[in-house]
Protein chains: 2
Amino acid sequence: MKARVTVMLKNGVLDPQGEAVRHALGSLGFDGVEGVRQGKVIELELAPGTTEDTVVQMCEKLLANTVIESYRVEMG
Amino acid sequence: MKARVTVMLKNGVLDPQGEAVRHALGSLGFDGVEGVRQGKVIELELAPGTTEDTVVQMCEKLLANTVIESYRVEMG
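Everything quoted here is computed from the prediction, not taken from an experiment.

*Asks:* Tell me about the overall build of chain A, and name the residues and values.
*Replies:* Counting its secondary structure elements, chain A contains two helices and three strands. Secondary structure of chain A in N-to-C order comes out as β-α-β-α-β. Taking 11 Å as the expected radius of gyration for a compact globule of 76 residues, we find that chain A reaches 16 Å, considerably beyond that expectation. Its C-alpha atoms put chain A at 50 × 25 × 15 Å along the principal axes.

This is the structure we're talking about:
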């Protein structure tokens, strides 16, 4: 089975990577890009029967820094 | 309006970051993690009326390295 974890910086946390992308898009002539936030997505291939709770624990312990990042888990 | 771009390494392209996560999860006692692929997600805040075509162009020109990465665009 598969799970997908999306980790984003929390609102209010400065995102220099996203800012760099925004500037670069502007330089390339893409107008109207008002904001960019960059995060990471982790696709897990798991043994059958792994619960969403287990994936949440993975996030809390390793995948996300919960001080500055929020995460979302999608199973399936 | 918002758009979300997900960029993943193509199948067959070595993903050392994902491998590192897989090993770390094993070390933490999470059994049954058979594979991990790590990618990036870019959330764009766009001027109203921006089309999906424009976002695809952003991907082709900047957001993804299409030699080794595939991307998916979700509008809304």
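*Asks:* I'd like a description of the interface of chain A and chain B, backed by residues and values.
*Replies:* Listed as interface residues are 32 residues of chain A and, on the opposing side, 31 residues of chain B. Carbon and sulfur atoms supply 65% of the area that chain A and chain B bury against each other, a total of about 2600 Å² over both sides. Where chain A meets chain B, there are zero salt bridges. Here chain A is connected to chain B by 10 residue pairs in polar contact (both at pLDDT 80 or more). Broken down by secondary-structure element, the contributors of at least two residues to the side of chain A that touches chain B are strand S1 (2–9), helix H1 (16–27), strand S2 (33–46) and helix H2 (52–63) of chain A. It is S2(A) that contributes the most residues to the side of chain A that touches chain B, 14 residues altogether. Here the side of chain A that touches chain B is built from residues that sort into 17 nonpolar, seven polar and eight charged. As paired strands, S2(A) and strand S2 (residues 33–46) of chain B are joined by 13 bridges and run antiparallel to one another. Looking at the pairing, Gly39(A) lines up with Val41(B) of S2(B).

*Asks:* How would you summarise the packing of H1(A) against helix H2 (residues 52–63) of chain B if you had to cite specific residues and measurements?
*Replies:* Helices that pack against each other are described as a pair by the angle of their axes relative to one another and the distance between those axes. In contact at an axis separation of 11 Å, H1(A) and H2(B) are set at 105 degrees when each is read in the N-to-C sense. Classified by the interaxial angle, the pair formed by H1(A) and H2(B) is roughly perpendicular. Facing Val21(A), Ala24(A) and Leu25(A) of H1(A), the residues of H2(B) in contact are Met58(B), Leu62(B) and Leu63(B). Counted by class, the contact of H1(A) with H2(B) contains six nonpolar, no polar and no charged residues.

*Asks:* Can you break down the relation of the copies chain A and chain B residue by residue, with the values?
*Replies:* Note on the identical chains: chain A maps onto chain B by a rotation of 180 degrees and an axial translation of 0.0 Å, with an RMSD of 0.0 Å. What the superposition gives is, in effect, a two-fold axis relating one chain to the other. Among all residues of chain A, the one whose C-alpha sits closest to the rotation axis is Lys40(A), at a distance of 2.1 Å. Most of the interface of chain A is mirrored in chain B, where 97% of its interface residues again form contacts.

*Asks:* Hey, could you go over the side chain of Thr6(A) for me, with residue numbers and the actual values?
*Replies:* Here Thr6(A) is to be found in strand S1. On the basis of relative accessible area, Thr6(A) is assigned to the buried category, the value being 4%. Setting aside anything within four residues of it in sequence, one finds Thr6(A) in contact with Lys40(A), Val41(A), Ser70(A), Tyr71(A), Arg72(A), Glu74(A), Arg4(B) and Val41(B).

*Asks:* Which residues make up H1(A), and what values go with them?
*Replies:* Across its 12 residues, H1(A) extends 16 Å between first and last C-alpha, which sits within 8% of the 16 Å expected from 1.5 Å per residue. Two residues or fewer after H1(A) comes Gly29(A), characterised by a positive phi angle close to 95 degrees.

Thresholds, definitions, all that
- Residues numbered from 1 in each chain as written.
- Chains lettered and ligands numbered in written order.
- Predicted model: local features only at pLDDT ≥ 70, side-chain atom pairs only at ≥ 80, totals over all residues.
- Heavy atoms only, no water.
- Helix = DSSP H or I, 4+ residues; strand = E, 2+ residues; numbered from the N terminus.
- Rg over C-alpha atoms; globule rule 2.2 N^0.38 Å.
- Contact = heavy atoms within 4.5 Å.
- Buried area = accessible area lost by both parts, 1.4 Å probe.
- Salt bridge = Lys/Arg side-chain N within 4 Å of Asp/Glu carboxyl O.
- Polar contact = N/O pair within 3.5 Å; in protein donor to acceptor, adjacent residues only side chain to side chain.
- Nonpolar A, V, L, I, M, F, W, Y, C, P; charged D, E, K, R; others polar.
- Pairing = 2+ DSSP bridges.
- Axes fitted to C-alpha atoms, helices over the stretch in contact; angles between N-to-C directions.
- Parallel < 35°, antiparallel > 145°, perpendicular 65-115°, else oblique.
- Least-squares fit on C-alpha atoms with pLDDT ≥ 70 in both.
- Buried < 20%, exposed > 50% of the residue type's maximum accessible area, 1.4 Å probe, protein only.
- Expected span 1.5 Å × (residues − 1).

Honestly, that's just the spatial picture; any functional story needs more than this.
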